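The residues making up each chain are set out below.
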Amino acid sequence: MRSGRVLAALAAAVLTAAGCGGGDDGAAASTAEASPGGPTGTVTVFAAASLTDVFTDLGQRLEDDHDGLTVQFNFAGSSALATQLTQGAPADVFASANGTQMAVVTDAGLADGEPAVFTANVLQIAVPAGNPAGVTGLADFGREDLTLAVCAPEVPCGAAAEDVFAAAGVTARPDTQEEDVRAALTKVELGEVDAALVYATDVVAAGDAVEGIAFPEAEDAVTDYPLCTLAAAPNPDGARAFVDLVRSAEGQQALEAAGFRAP
Amino acid sequence: MRRERTPAPLLVPATLAVAFLVLPLAGLLVRTPWTQLGTLLTAPGVGQALRLSLLSATLATAVSVVLGVPLAWVLARSRARGRAVLRALVTVPLVLPPVVGGVALFLVLGRQGIVGSWLAGTTGVTIPFTTAAVVIAETFVAMPFLVISVEGALRAADARYEDAAATLGADRWTTFRRVTLPLVAPGVAAGAVLCWARALGEFGATITFAGNFPGTTQTMPLAVYLALQRDPQAAIVLSLVLLLVSVATLLLLRDRWLGRGGAAG
């Protein structure tokens, strides 16, 4: 527990240092209006890896708005997080990248109330900058001469990939089935694959090294993201504050900027 | 070797160590779904992943022995300057997170890599996402275990035998082959076992550099990790299979190489 706090403090220090460029003015303004009775302490958020950038940003904003509040994140694959939660890991909020893993948590009686879908994601084709292999659409995933990555069928982005391939009638010939979407994206960034099927948000997060190609069949596998506070939350006030921020107009705007779409 | 009663100050921590190392294994055994064992074991892909694991770990060990034993000799015996720096450098894979090792391999051997792009340009051969990439990733991570082990054996070996061989007119290569190598054979065997075990369990560098595809690059640890995403029970069974096969192999080799109940392992 103690080392957890130290880690959280360290993480907060790093985030503050990293984010000091743009946030100073806003932080000063919002600290002034922060209510004295607001949430304090540490909020622990277990969130799907695809939420890393936008949740880190929102957590920073929440800390700026509430003196004495620290937001600590555990970003990982949704199924790993669900396993950790059912094994008793202490957390206040769980944001899953799919309904199945949320169901694991609600079925175990760990959620406080009904989870709500707060955002959604669709697949995109990620290609290295400049698209050297000239990939144009989903049909290119059937080409033998390209080096292609998809997610493994065991993980959510792989299941979604199977859905769009089935809908499009494409027999995919991937060279590798990646263990998660970031691993697939890394291979695009390194230029080691010609294309990978990842989420639209991953393409945004990757910046200039990666280009995204939207394709119509993606509508057949829209991934909803549910979110809940946990019944055994050590910091229920902080948990509510974080969930409220995510669902507010400000939170939704941040999500859209990161490539997510409204649910 | 002399055998004696274990003194109490050693016995207590030794017992704790055994408990610490063996209890997680017992945990696996307790949670194994014995009734579904048959179905889970015969699931498609299990035998394939196991075969690939054993093959690639064995090849990685062979490469490690061929390259690592000479390196260990250089570290232990040569008069070359900068040996301390060299030793630190070659043990880097021990401390490097394996996933980082995988990315590093891309930067050298990937199709955009320093050597890899030249290879792809001249021969059309690309290494990533092939079984060869699995062997390379495993060798990268596991070879330092062999090098450290053999270097230790070389340092502990009595150099007077080598001096005697030289006095009797053997050149340095003959001395190495006929005197040094037999002298440190138990150390080489122990290092090879360590190296093989590490290669067999290798995950991070393999999944990064070789990717994951059933039949070509999906080894048992990768299969276990992915099974864990969907079906934890299947993952436990797969882990158990990997464990049993590796322990059985090690016991078998121990008998072969070192004689029954051999002391030098």
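Residues numbered from 1 in each chain as written. Chains lettered and ligands numbered in written order. Predicted model: local features only at pLDDT ≥ 70, side-chain atom pairs only at ≥ 80, totals over all residues. Heavy atoms only, no water.

1. A look at the sheet that holds strand β2 (residues 69-76) of chain A
Residues and elements named next belong to chain A. We apply this condition: At least two DSSP bridges between two strands are required for those strands to pair. Numbering of helices and strands starts at the N terminus; helices are DSSP runs of H or I of at least 4 residues and strands are runs of E of at least 2. Axis lines are fitted to C-alpha atoms, over the contacting stretch for helices. Their N-to-C directions set the angle, which ranges from 0 to 180 degrees.
Reading across from one edge, β2-β1-β3-β10-β4 is the order of the 5 strands in this open sheet, with mixed pairing throughout. Both edges of this open sheet fall to β2 and β4 (111-121), since each of them pairs with a single strand only. Here the strands of the sheet are splayed against their neighbours by 20° on average, with no regard to which way each runs. By the bridge criterion, 3 bridges tie strand β1 (residues 41-48) to strand β3 (residues 93-95) in an arrangement that is parallel. Its bridge partner lying in β3, F46 is registered against F94.

2. What about the UniProt feature "binding site: molybdate" (unreviewed entry) in chain A?
All names here are of chain A. Worth spelling out the cut-off: UniProt positions are given in the numbering used here, feature names are shortened, and annotations may be inferred rather than shown by experiment. A contact between two residues is defined here by any heavy atoms of the two lying within 4.5 Å.
Feature annotation in UniProt assigns "binding site: molybdate" (unreviewed entry) to the following positions: S50, S78, V181 and Y199. Following the sequence through the fold, S78 ends up in helix α3 (residues 78-86). Contacts of S78, omitting those with residues within four sequence positions, involve A48, F94, S96, A97, N98 and Q101. When you line up the elements, V181 lands in helix α6 (residues 181-189). Each residue touching V181, except ones within four places of it in the same chain, is listed here: C151, C157, V198, Y199 and D202.

3. Things to note about the nonpolar core
Note the threshold: Side-chain atoms within 4.5 Å are what join buried Ala, Val, Leu, Ile, Met, Phe, Trp, Tyr and Cys residues into a set we call a nonpolar core. Buried means the residue's accessible area, taken with a 1.4 Å probe over protein chains only, is under 20% of the maximum for its type, while exposed means over 50%, and partly exposed covers the values in between.
Counting residues in each nonpolar core, the largest one holds 52 residues, and the members touching the most others are I125(A), F141(A) and L197(A). Once residues within four sequence positions are removed from consideration, L197(A) is found in contact with L123(A), Q124(A), I125(A), L138(A), F141(A), A149(A), V150(A), C151(A), A161(A), V164(A), F165(A) and F215(A). Grouped together as the second largest cluster of nonpolar side chains are 37 residues, L146(B), A157(B), A199(B) and L242(B) included.

4. Notes on the interface of chain A and chain B
To be explicit about the condition: The term buried area refers to how much accessible surface (probe radius 1.4 Å) is lost by two components on association, counted for both of them together. Here, a salt bridge means any Lys or Arg side-chain nitrogen found within 4 Å of an Asp or Glu carboxyl oxygen. Polar contact is defined as a pair of N or O atoms within 3.5 Å, subject to the rule that within protein one atom must be able to donate a hydrogen and the other to accept it, and that residues adjacent in sequence are counted only when both atoms are side-chain atoms. As a working rule, the residues Ala, Val, Leu, Ile, Met, Phe, Trp, Tyr, Cys and Pro are called nonpolar, Asp, Glu, Lys and Arg charged, and the rest polar, with Gly in that last group.
Each side of the interface is counted separately: chain A has 19 residues, and chain B has 19 residues. For the pair chain A and chain B, the summed buried area comes to about 1800 Å², and 53% of that belongs to carbon and sulfur atoms. Counting the surface chain A buries against chain B, the share from its top three residues, E154(A), E179(A) and E192(A), is 35%. Seen at the junction of chain A and chain B, the total is 1 salt bridge. Here D194(A) ties to R111(B) by a salt bridge, and the two come within 2.7 Å at their closest N and O atoms. The interface formed by chain A and chain B contains 9 residue pairs in polar contact (both at pLDDT 80 or more). Take the side of chain A that touches chain B: its biggest share by element is 3 residues, from strand β7 (residues 176-178) of chain A. Its residues assigned to classes, the side of chain A that touches chain B shows 6 nonpolar, 6 polar and 7 charged.

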